[in-house]
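# Coordinates in review
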Amino acid sequence: MRPEPLPPLFSRDVRRIHCVGVGGMGLGPLALYLAQRGFTVSGEDDGLTADMRALLTRERVALTPLPDACDLIVISSAIAATHPVRIAATARGIPVVRRGEMLAEIVRGKKLVAVCGSHGKTTTTALLITALRAANFPAGYILGGLFADDTPPARVGSNDWVVAEIDESDGTIANFSPEITVVVNLDWDHPDHYRQPEELEQAFAALLDRTRGPVFVSDACAWSARVAQNAATFGRSGDFSGVIVAENGGKMTLRLGGRFAPLEATVRAAGEFNAVNATAAFAAAQAMGVAPAAALLAEFPGVRRRQSALRATPALTVIEDYAHHPAEIRALLGSLRSRLGAGARLIVVFQPHRFSRTRQFKAEFAAALSLADRLHLLDVYAAGEAPLAGGTSADIYAELKRNTPALPVSYLPGADDDFFRALSREVQPGDLVAFVGAGDIDRKARAWLAAVDDAAAVAQHWDDFAATLKPLLSRETKLRREEPLAAKTTMRVGGAARLYAEPASVEDLRILWREAKSAGIPVQLLGRGSNLIVPDEGVDGLVVSLAHESWAAFEPLGDGRVRVGAGLRLKNLCGLATKAGLTGFEFLEGIPGNVGGALRMNAGAMGGWMFDVVEEVLMLTADGEVKTMPKAAMHIDYRHCAELKDAVALGAVLRPAAQGDAGEIGRQIDVYRRKRHESQPREPSAGCIFKNPPGNSAGRLIDECGLKGERVGDAEVSTVHANFIVNRGQATGADILELVRRIRARVKQVKGVDLEPEALLYGKNWRDVL
């Protein structure tokens, strides 16, 4: 059929419309409505969901790039001017309009019921549509979302009425002249368009002035009441009132009063905010000529991404919600807290939406999110915006750490895999996990649940591997699953090892090495944990520690040399060497490591280096061979020994500089100890974080950039030595990594130097997180 002609705002005959961003909740339903009106509609979207694809295909919306024959292009607000379709439109002379402009034109001449406001307009619109459909009132409608069932989100009616959700975010609200307007509430938002709250108020005031018939505002929103002083009110005690008198099994009984005929109505929804939304829907329906009836909302299907339950079992409840403004988040988390069982926790995963909103409201976001028991922050969903300084997830993280330091919070930028693992290990039976945000966090929630199911199989794999190893090892060897690692490091941060072992002998170590290699499982060596950072999500591998006493040997060989085990602490090596009258080891005093780690890193201090006193090294190669290699055959440089990169140091023969008086050696150790105490911090740390650039000092560069005392959470650049990051008490691995990023960025900006980390990122590669 030939489409109804568009109003004269469009200067050409429009029949073929292409929608860019058609997978979005604003433009997708509008494309359906246009197709039902007889237009030839096509569309494209990089993030099209299966559900939206099915809806569009059913209405014969062609999912294709910009076709050759096109009269008009409609874009969502996330489509930037640099998008290829907009560039092509300019070249071809095709008009481009925004979603709101198109909506305003397609409903011009209709009796528009505009549902607008800051929070809850999609649910209120859906409630009104449900009531009209239940009353067989044939109004058209366009929802800004999807119903939770198969109710279509848009429909062309057979009378003059059309219900539509009106979005104020991009200013296109100025194009509408409704018959009836429902303002659910007002709150300052969209600071990219409305620089001050007064600008937003003016936009709504102008809309109300253009409204030909009734205006309804919430009795609980003082701002709305001020903008529309003569409007009818809805809410608990408004002109149109609705009060919950009973709740049961996801339904509530709402007693309607005021200008309603007294009635008790069943609403398939729960919560005070849904009671207010339902009252608004009843008021608008009555103004349209539909008398409220007890069952009009009894089968309300709900709206997707509004407290949608993705999993509800005794062990785990997972919901996702579209809340993306601090006020919405505060209301949502307050409601969810009331649902928690005894001992259960509210774990929140939040994805901020738009850099401009995040920059404007980061303090308010932090305050609202503090209602969680644990919090995970994801990167900002840009929605077409360019990044803005002060508008990132890291800025919310910093606000939380500054104002709510007791709240366990992590920020894992980039890849989802790290976040998935961290969240999975944190969840306990009975917890409620809420995925919150307006971006693509709903997809992340479903992906995480799939990962949880996969993780159960992975956990079984680790259990099976541990069970395979156990009978092969001696009874003295320790083997444990999910062993916490933080207390085994000097930084005191990080998660657990999937499998942890303390072999009692070389043979047990060879078995661990062989079986892990055969199973494709990475092996990580852990010494004293003095020069490494364990990520919060822990280590996906076998962590081996030479902590058994058999590895701490100190054996004088009678010719001035001494054989030592890789597990011998450097502090103990200095003490034993002093008693034996052996000099040359004094510089190792105070390095919080063991011999194995010192060999691998060629540890140094006070002008001395580990390999200065090494004669030969006993090692287990990557092929499982035990061999001895003289120092002369090894490749050693600053903080590195090439032969030990993929091998395990088992021990070494050391040759001291000379023999001397124990008292004199002890006094030299005291000198070094005092120097270390004066020049290095005493708080938990991983030692020097960055390598010294050639001919320069990392600590001096950081200090000259004014970064001493810089802090993320409880991670701080030491005020004693700028190349140390210290743990002030409750630092997390995420705190440390974020501070490392800041230091590197600042030194690069100010000094033009790329600092390379010296501390190991345990089980990971620095390139993946910097």
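Shown above is the structure to which this text applies.
Below you will find a few notes about this structure. Because the structure is predicted, anything quoted here is derived from the model rather than measured.

Turning our attention to the sheet that holds strand E22 (residues 478-484). Within the open sheet, the 4 strands sit side by side as E22-E23-E26-E24. Their pairing is mixed. Edge positions in the open sheet fall to E22 and strand E24 (523-526), since each of these has one partner strand only. Pairwise comparison of adjacent strand axes, ignoring direction, gives a mean angle of 30° for this sheet. In this structure, E24 lies alongside strand E26 (residues 539-545), joined through 4 bridges in parallel fashion.

Attention now moves to helix H15 (residues 570-579). Residues Leu570, Leu573, Cys574, Ala577 and Thr578 constitute the buried set of H15. End-on view of H15: buried residues confined to an arc of 130°, all on one side of the axis. Two residues or fewer past H15, Gly581 is found with a positive phi of approximately 70°.

For the rest of this paragraph, the subject is the state of the cysteines. Scanning the entire structure with this criterion turns up 0 disulfides. A disulfide-free cysteine, Cys574 has its sulfur positioned 18 Å from the sulfur of Cys688, the nearest such atom. Residue classification places Cys574 among the buried positions, given a relative accessible area of 3%.

If you look at the biggest cluster of nonpolar residues, it comprises 111 residues, and the most contacted ones within it are Phe350, Leu377 and Ile743. Dropping the residues within four chain positions of it, Phe350 is found in contact with Ala323, Ile329, Phe365, Leu369, Leu375, His376, Leu377, Leu378, Ile396, Val436 and Ile441. With 44 residues, the next largest nonpolar core counts Ile129, Leu256, Ala284 and Ala285 among its residues.

Even without a glycine there, the phi angle at Asn136 is positive, about 55°. Positive phi outside glycine occurs at Glu482, with the angle close to 50°. Here Glu482 lies in strand E22.

Glancing now at empty space enclosed by the protein. Following the criterion strictly, the structure yields 2 cavities of 30 Å³ or more and no others. Its boundaries defined by the atoms lining it, the largest cavity holds a volume of some 40 Å³. Contributing to the lining of the largest cavity are Tyr33, Lys110, Gly140, Val156, Gly157, Asn159, Trp161 and Val162. Residue composition of the lining of the largest cavity, grouped by class: 4 nonpolar, 3 polar and 1 charged. Space inside the second largest cavity adds up to approximately 30 Å³. Taken together, Lys401, Pro405, Gly713, Asp714 and Gln730 form the lining of the second largest cavity.

The rules behind these values
Residues numbered from 1 in each chain as written. Predicted model: local features only at pLDDT ≥ 70, side-chain atom pairs only at ≥ 80, totals over all residues. Heavy atoms only, no water. Pairing = 2+ DSSP bridges. Helix = DSSP H or I, 4+ residues; strand = E, 2+ residues; numbered from the N terminus. Axes fitted to C-alpha atoms, helices over the stretch in contact; angles between N-to-C directions. Buried < 20%, exposed > 50% of the residue type's maximum accessible area, 1.4 Å probe, protein only. Arc of directions from axis to C-beta. Disulfide = S-S within 2.5 Å. Core = buried A, V, L, I, M, F, W, Y, C linked by side-chain atoms within 4.5 Å. Contact = heavy atoms within 4.5 Å. 1 Å grid on protein atoms, 1.4 Å probe; cavity = no way out; pocket = protein on both sides within 12 Å on 5 of 7 lines; lining within 4 Å. Points joined across faces, edges and corners; volume = space filled by probe spheres on them. Nonpolar A, V, L, I, M, F, W, Y, C, P; charged D, E, K, R; others polar.

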